[in-house]
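# Analysis of the macromolecular model
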Amino acid sequence: MGQKLSVVGKSLPLKEAWDKVTGKAQYSTTMNLPGMLVGKILRSPHAHARIVSIDISKARALPGVKAVVTANDFPKKLFTVNVMHWQLDGGELMDMYLFADVARYIGDPIAAVAAVNEEIAKEALALIHVEYEVLPAVFTVEDAVKEGAPQIRDNAAGNIVVPPMSVFPTGDMEQGFKEADVVVEGTYTTSKAIQAGMENACSIASYNSGTGRLTVWSQTQLPHMARRMIAHLFDMDEGRVRIIQPYAGNGFGAGTDLNCEPQCCALAIKACAPVKIMYDRAEDFSNRLTREHICKIEMKIGAKQDGTPTALKAKYTGDAGAYMAKTASGAGVALASNITCYEIPNIYQEIEVVYTNHVACGAFRGFGGMQSTFVRETLVDEICQKVGMDPVEFRMKFHRKVGGLGWFPGTKITSCALDKCLEIGAEKIGWKEKRARKKEGIRRKGVGVACMGWLSGAQPMLLELSNALLKFNEDGSCNMIVTPGNIGQGCLGSLSQIAAEVLGLNYEDIHPISYDTDLTEWSVGTHASRGLYCLGLAVKKAAENAREQFLRRAANILKVAPVELAMGGKRIYVAADPQKGISVADVAKDAIYNYSGNSEQITARASITPTAFAPPWQAGFVDLEVDMETGQVSIIKWITVHDIGKAINPMTVEGQLDGGTGQGIGFALYEDTIISTENGKMVADGFDKYKIPSILDMPDNESLLVEEEDPTGPFGAKSVGESGIFLQAPAIANAIYDAVGVRIRDVPITPERIMSALKAKGQ
Amino acid sequence: MKKELATFIVNGVSHDVVITSNMTLVELLRDELNLTGARESCGDGDCGCCTVLIDGKPTLACLTLAVTVKRKNILTIEGLAEGENLHPLQKSFVEHGALQCGYCTPGMILSAKFLLDENPNPKREEVKKGLGGNLCRCTGYNKIIKAVLSVGGGGK
Amino acid sequence: MFRRLRNFDYQEAETVDEAVGILYSCGGKAAVLAGGVGLIGDMKRGSKSPEVVVSIKKISDLDYIAKNESDFLRIGALTSIRTAELSPIIRAGYPALFDAVSQIASVQVKTMSTLVGNLCVATPASDIAPPLAALGAQLIISGPGKTRYVPLEHFYLGVGKTVLEPGELVTEVLVPSVLPGTHSAFLKIARTRADIAKVNVAVTIRVVDGICQEARIVLGSVAPTVVRAKTAESLILSNRLESKVIEKAAQAAAQEVRPITDIRSTEEYRKQMVAVLVRRALEKCCKNSGEVNTV
């Protein structure tokens, strides 16, 4: 299309960059309020136990203790930490209590204390006497579904929380596989990952008993829905709860669930003083909801001899941990998102999820799609091998095209530049030459490819309402009041660029206000790669509305018709006679300080619920070397090529992709959330045990953008938030096969697994 | 618990603070001096978020007892800029998009400062080696490396 | 407000004798603070709760790397790992030790931690212990009224356990002079660059006229303490270092260990890697010595 743009498309720094590089940025962990108390949660040491009695008398009597709360202090109310519950029509099962009556995982909150300092709080915890009736527990899916296994919940017979459920089947399985000349299948396992942002979980709460208002400083990514959940839990009206979001040093989906907010609020209410609960790293890794529950996938793909895929069948098994959280929606997204990529006419996918006695599962970048992408993209390579087709060629030929079926029935793909992505990536990595390399010696090289199409917002499955409010100051600058849930992803900057572009203002003229539910209008927040796309549409619409108002007022002042006017360079001027004009600032000031009876403050709002399905597509390429004596994988080069539609801020988009590459490599090779199968304890409770890539572990890698504007996105933009993380595991697995001829079906792909596979192959 | 009045020189300013032996430096900075750029994240030496420079050397404040650094010159991120003028590394991080959530950024910048103080024109591999003790979960490190190389002169 | 550490009595020693005196009078209830990375981390976790913490940071003249008149290498107790990494003496003369210290990922940890401190933590996965043991290092230990010398390979009793008695303080690592024909190598396998080893191996050989006259093969992370692979050594001593000799020794070394399966790796893989790393380390030594291994 080739839009002529002044602000959109520029790599401008984050709005909050100055705060962050000077150390002045306030996070919940760095904040203190006057009179603040330290809160601590007493957690169950047992994976499954009934709470018979709790004696808090000694704790309460300890000098310096200001509140001790247990289940007895508040009405027993079912809730869930998964605030996305409100985003789904009908919600998902609420199966948690503020404090457990039956502990269902090691770490389940039993009580909490607030004291004047951490030392006394810890002492008080030790003085709480809890009588537990320890119950038998199960830690694996296999054990949980066995005959006679201990029942974790009354409502889930056989511990099955989601009985076998199919999601959006199409076509006819039997026919589809009948038509296939080749069929490939396999059973795959993936480890749940931990989001592992640098900031530990933390929240601060303050209750004003005079106004009955509860203020919570939270790391949530979804503040308005968090507000409703907290209001629900404490039987308060939503309007009495205020969520403030300091900068968050964590996210990637971790903020789609509450962590210690509920107990923190309980303490604040009881203590009549602000309370801060801050986890240390071990508590954070052990109690944050991890990546979603899918841990095993059995998939089968059929294709004709010329490669045409005919059928895909998959059975997913999820290990939910102790609570429902977003188990069902995670299941839905995982399966549905697997539909987008290839033109497969017959698809049947089913999922079953089981409760076990360990920490529950939440969301991590690439929600559910990570696991299905890994399996699909490695099986596709097996198809290619069987039919003798080049993996890049296969993907180019058989991916869905514009107008094709999206992830959700009725949705249609609005744009697709995957061919370009594959072409660029293949050339950059040297695909043809490297595929033809001789594989000999101890260290063998291989190349691999993977691709996917994701989404920009989870409409129509989830409520994707976004609101934007623009308020113009007398200097012509604009307060852009939106709720992206700022986790540093650069959304506020990009949204500012959109507003500035429409209004002919500079980036510096847009002031984002985003951190307070008292100020911002209801918006989902940030997840499902929705920030830029959904909020961008709202901001663009609001800016266009504002533009019209500006033009009307300016037309009045200049005594011309609005249609004659243009807006640019912070001015409003007659398009045919640019000298004749007025500054935006003058119009804005005149609006307020208008002594001729025409005064107002120019504001504009827009409310958007996107309906289109605008998938960002992506190709990932890897060149690597396998040491056949040690099984170690050394990545020589990684390339991501991403179909962004339009990069509102290329630097921000690249940053998202780069970060995704780091997490994707971690997922593929190093990160293993190890939960003891003996006692259900989280073993990987620190960065010494759970290894995320350090700078030394990152290979030479590039994130490249393809820009072919999407017809539905703001300035043609699609999403990038999650996309960076999907393709490393499957491309690496494919490259390992290319190098040494073994297929690893378990993630993380460790040297131990590679050596076992080589041994089994007789090498 | 024995209390002691001790002097700490932080960012060139002298502070007299009552401390106990069990106070770590990061706790002193955060609770007593309101300097929250250095942050305790992993608490055991893996992440580098609490990095400060003590007598010019990169030190993990969460594993340092405050009582052991009395009267030493402590530089935190808050002491790097001169008034409104950002240090070249800070400027470079901003311009190159070398931060997202920003939680690791103070420690990362101070480690980079130490690197450049010892080696003003590091090569790419030397930058990586110099930042090996600072974890970042957001950026994948590419733009961090770019930002540091840009201040250093590119390693040529 | 937030305090991670419990209360303890902090004392500062200004001389070795003072430190020894405090340690002795506390009878095992005191811990030595040098770099603090190990100790403070353990205290936060609750795995160590000393009543008294004795800082030796103020003891001047414990920070040195020097050669004595017999060409022995002396490393003082307060010498940081980073100082060792930057030392031209170590880089030139002790390549295995240099490789071990320089591969540690965190500049901050290297700056704060001392070599002696690392040795005294007594983790089986120390990267410092194998190369020093392979060099035949001894520890000089000051105690109440006496000083003793303990070979590093005999310093460890088990995980986290050393031969140190209450009141004893390691003041120096003493490494014998490196005779002509000596070559050493250090290799490590870990999950990531910043992880504790799955297996680490240090090898020192001395080859004269093509014959191996001395050999030390030290294995780390595969037993509660570092292990001298004596059987493996015996297979290369007095032999030419041909490929099949090296291979035999490597396989023998793998039988001399009792690795565990844990979150980092499996018993089977660790055993396999002992063989691979010992072989590669010996090959590296041969390459450096100019010896050509023949089949």
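Residues numbered from 1 in each chain as written. Chains lettered and ligands numbered in written order. Predicted model: local features only at pLDDT ≥ 70, side-chain atom pairs only at ≥ 80, totals over all residues.

For chain A, an unreviewed UniProt entry supplies the name Aerobic-type carbon monoxide dehydrogenase, large subunit CoxL/CutL-like protein and the organism Desulfoscipio gibsoniae DSM 7213.

## Re the overall build of chain A
For chain A, the count of helices and strands is 19 helices and 27 strands. Taking 2.2 N^0.38 as the reference for a compact globule, 763 residues should give roughly 27 Å; the C-alpha atoms of chain A span a radius of gyration of 27 Å, in line with that estimate. For chain A, the spread of C-alpha atoms along the three principal axes comes to 90 × 70 × 45 Å. By residue count, 63% of the 763 residues in chain A fall in the buried class. Taking as baseline every contact in chain A between residues at least 6 positions apart, the subset at least 24 positions apart corresponds to 81%. (Helix = DSSP H or I, 4+ residues; strand = E, 2+ residues; numbered from the N terminus. Rg over C-alpha atoms; globule rule 2.2 N^0.38 Å. Buried ≥ 20, exposed ≤ 12 C-beta atoms within 10 Å, placed from the backbone. Contact = placed C-beta atoms within 7 Å.)

## So, the overall build of chain C
Tallying secondary structure elements over chain C gives 11 helices and 14 strands in all. The C-alpha atoms of chain C give 19 Å as radius of gyration, which agrees with the globular expectation for 295 residues (19 Å, within 12%). Once the C-alpha set of chain C is aligned to its principal axes, its extents read approximately 65 × 45 × 30 Å. Across chain C, the fraction of contacts at a sequence separation of at least 24, relative to all contacts at a separation of at least 6, is 64%.

## Observations regarding the UniProt feature "domain: FAD-binding PCMH-type" (unreviewed entry) in chain C
Mapped onto this structure's residue numbering, the UniProt feature "domain: FAD-binding PCMH-type" (unreviewed entry) falls at residues 3–180 of chain C. A helix fraction of 33% and a strand fraction of 24% characterise residues 3–180 of chain C, whose end C-alpha atoms lie 54 Å from each other. (UniProt positions renumbered as here; feature names shortened; annotations may be inferred.)

## Topic: the sheet that holds strand E16 (residues 443–453) of chain A
Residues and elements named next belong to chain A. Reading across from one edge, E16-E24-E25-E26 is the order of the 4 strands in this open sheet, with mixed pairing throughout. Pairing within the sheet leaves two strands with one partner each, and these edge strands are E16 and strand E26 (701–706). On average, each strand axis in the sheet is inclined to that of its neighbour by 10°, with strand direction left out of account. Examined bridge by bridge, strand E24 (residues 617–627) and strand E25 (residues 633–643) share 10 bridges and lie antiparallel to one another. Bridge assignment links Val626 to a residue of E25, and that residue is Val633. (Pairing = 2+ DSSP bridges. Axes fitted to C-alpha atoms, helices over the stretch in contact; angles between N-to-C directions.)

## Structural notes on the interface of chain B and chain A
With 40 residues of chain B in contact, the opposing surface of chain A contributes 43 residues. Considering every element that reaches the side of chain B that touches chain A, the biggest residue donor is helix H2 (residues 88–96) of chain B, with 4 residues. Across the side of chain B that touches chain A, the residue classes tally to 18 nonpolar, 14 polar and 8 charged. (Nonpolar A, V, L, I, M, F, W, Y, C, P; charged D, E, K, R; others polar.)

## Description of the domain arrangement of chain C
By the assigned domains, chain C splits into domain 1 (9–55), domain 2 (65–176) and domain 3 (182–289). Between the C-alpha centres of domain 1 of chain C and domain 3 of chain C there is a distance of 35 Å. (Domains from an automatic or database assignment.)

## Quick look at the packing of helix H10 (residues 369–387) of chain A against helix H18 (residues 728–740) of chain A
All names here are of chain A. Closest axis-to-axis distance for the H10/H18 pair is 8 Å, and the angle between their directions is 30°. The angle between H10 and H18 places the two elements in the roughly parallel class. Relative to H18, the crossing made by H10 is right-handed. Listed contacts from H18 to Thr373, Phe374, Glu377, Thr378 and Asp381 of H10 are Ala729, Pro730, Ala733, Asn734 and Tyr737. When its residues are assigned to classes, the contact of H10 with H18 shows 5 nonpolar, 3 polar and 2 charged. (Parallel < 35°, antiparallel > 145°, perpendicular 65-115°, else oblique. Left-handed = near helix turned anticlockwise from the far one by under 90°.)

## Some details on the domain arrangement of chain A
Residue and element names in this part refer to chain A. For chain A, the assigned domains are domain 1 (17–24 + 465–608) and domain 2 (37–135 + 195–287). In this structure, domain 1 and domain 2 have C-alpha centres spaced 38 Å apart. Facing 15 residues of domain 1, the contacting portion of domain 2 comprises 17 residues. Considered class by class, the residues forming the side of domain 1 that touches domain 2 number 4 nonpolar, 9 polar and 2 charged.

## Looking at the sheet that holds strand E2 (residues 13–20) of chain B
All names here are of chain B. Taken together, 5 strands build an open sheet; the order of strands is E2-E1-E5-E3-E4 and the sheet is mixed. Two strands in the sheet have a free side with no partner beyond their single neighbour: E2 and strand E4 (57–60). Pairwise comparison of adjacent strand axes, ignoring direction, gives a mean angle of 45° for this sheet. In terms of strand pairing, strand E1 (residues 3–10) meets strand E5 (residues 73–75) through 2 bridges, oriented parallel. Bridging across to E5, Val10 finds its partner in Ile74.

## Structural notes on the nonpolar core
Counting residues in hydrophobic clusters, the biggest one holds 418 residues, and the most contacted among them are Ala499(A), Ile736(A), Ala253(C) and Val278(C). Ranked by residue count, the leading element in this core is helix H15 (residues 531–558) of chain A, at 13 residues. (Core = buried A, V, L, I, M, F, W, Y, C linked by C-beta atoms within 7 Å.)

## Concerning the pairing of strand E18 (residues 478–481) of chain A
Put simply, side chains in a regular strand alternate between the two faces of the sheet. Residue and element names in this part refer to chain A. In this sheet, E18 lies alongside strand E17 (residues 466–472) in antiparallel orientation, the contact comprising 4 bridges. For Leu470, the partnering residue across the bridge sits in E18 and is Met480. Between E17 and E18, which pair antiparallel and follow one another directly, the connecting turn spans 5 residues, one of which, Gly476, has a positive phi of 85°. In this fold, E18 hands off to helix H14 (residues 491–503), which returns the chain to strand E19 (residues 510–513); that crossover is right-handed. (Right-handed = clockwise from strand over helix to strand, strands pointing away.)

## Some remarks on the UniProt feature "domain: Aldehyde oxidase/xanthine dehydrogenase a/b hammerhead" (unreviewed entry) in chain A
According to UniProt, the "domain: Aldehyde oxidase/xanthine dehydrogenase a/b hammerhead" (unreviewed entry) feature falls on residues 22–136 of chain A. End C-alpha to end C-alpha, residues 22–136 of chain A measures 52 Å, and it is 13% helix and 30% strand.

## Comments concerning the environment of Gly490(A)
Topologically, Gly490(A) is positioned in the loop between E18 and H14. Along the chain, Gly490(A) and Gln656(A) lie 166 residues apart, while their C-alpha atoms are 8.9 Å from each other. The contact partners of Gly490(A), leaving out residues within four places of it in the chain, are Leu14(A), Asn649(A), Thr652(A), Gly655(A) and Gln100(B).

## A closer look at the packing of H15(A) against helix H16 (residues 584–592) of chain A
In helix packing, the relevant descriptors are the interaxial angle and the interaxial distance, both defined with respect to the helix axes. All names here are of chain A. One can describe the packing of H15 onto H16 by two numbers: an axis separation of 10 Å at closest approach and a directional angle of 90°. Between H15 and H16, the angle falls in the class roughly perpendicular. Contacts between H15 and H16 involve Phe550, Arg553, Ala554 and Ile557 on the former and, on the latter, Val584, Val587, Asp590 and Ala591.

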